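Single-letter residue listing:
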Amino acid sequence: MPTPFDIAIQFVLQEEGGDKVSRDPNDRGGTTKWGLSQRTYPTLDIEAVTRDQAVNRYHEDFWRPHRLGELPPALAVAAFDCLVNQGPHAGAKALQRALGVPADGVIGPGTLARAHVGHVTIWLRGFHVERAVLYAANEQRGIYGLGWFGRLFRCYDLCLTLCEDVP
């Protein structure tokens, strides 16, 4: 049985275009492969990054430090996608707003405790609304909005399959 990280990384790598190198002039991240951008990793040879290297970066730079493995699986997968696509600080704050805890941008004990109280499907829905608000407010929505919202709905659908409390 795949772990939440296995599910999350598979989703993100697929959504981020896999092993295709992107040099989109509108992408503020610059050259990108596996979703890893030159802006985020300026000393990394992005074009040479392997899938295994990308998986390791995502685990060590996003999953582990943000304690995503301590969230309910559906929220962990959604949070991972958000932190990767919308930024760690913005993603953590969106999750916190959805959970109704102070939005300081750090997934800590209060955020983790709240995520385990109540119905995960309710938290998941609220979190995806928060993500949609971030996308709608992004000045590049005219260029990337359709893709972002498609990704958002695909993520939501995937995460629902991980919920035990789906009515």
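Shown above is the structure to which this text applies.
If you're wondering where the values come from, they're calculated on a predicted model, not measured in any experiment. (Residues numbered from 1 in each chain as written. Predicted model: local features only at pLDDT ≥ 70, side-chain atom pairs only at ≥ 80, totals over all residues. Heavy atoms only, no water.)

Caption draft 1: Inspection of the side chain of Asp81 at higher detail. Inspection of the secondary structure puts Asp81 in helix H3 (residues 73–86). Overall, Asp81 belongs to the buried group, its relative accessible area being 0%. Excluding its chain neighbours within four sequence positions, the residues that come into contact with Asp81 are Phe11, Val12, Gln86, Arg131, Arg151 and Cys155. (Helix = DSSP H or I, 4+ residues; strand = E, 2+ residues; numbered from the N terminus. Buried < 20%, exposed > 50% of the residue type's maximum accessible area, 1.4 Å probe, protein only. Contact = heavy atoms within 4.5 Å.)

Caption draft 2: Quick look at the packing of aromatic side chains. This structure, assessed with the given rule, holds eight aromatic pairs. Ring plane angle 70° and centroid distance 5.3 Å describe the contact between Phe5 and Trp63, whose orientation is recorded as edge-to-face. Here the residue Phe5 occupies a position in helix H1 (residues 4–15), and Trp63 occupies one in helix H2 (residues 51–63), the gap between them amounting to 58 residues. When its relative accessible area of 11% is taken as the criterion, Phe5 is described as buried. On the accessibility criterion, Trp63 (8% relative accessible area) is buried. Taking the centre distance of 5.8 Å and the plane angle of 35° together, the rings of Tyr144 and Trp148 count as tilted. Taken as a pair, Tyr144 and Trp148 lie in helix H7 (residues 141–160) at a separation of four residues, close to a single helical turn. Among the residues examined, Trp148 registers a relative accessible area of 13% and is labelled buried. Aromatic rings pair up to connect Phe5, Tyr58, Phe62, Trp63 and Phe80 into one cluster. (Phe/Tyr/Trp six-rings, centres within 6.5 Å; stacked < 30°, edge-to-face > 60°.)

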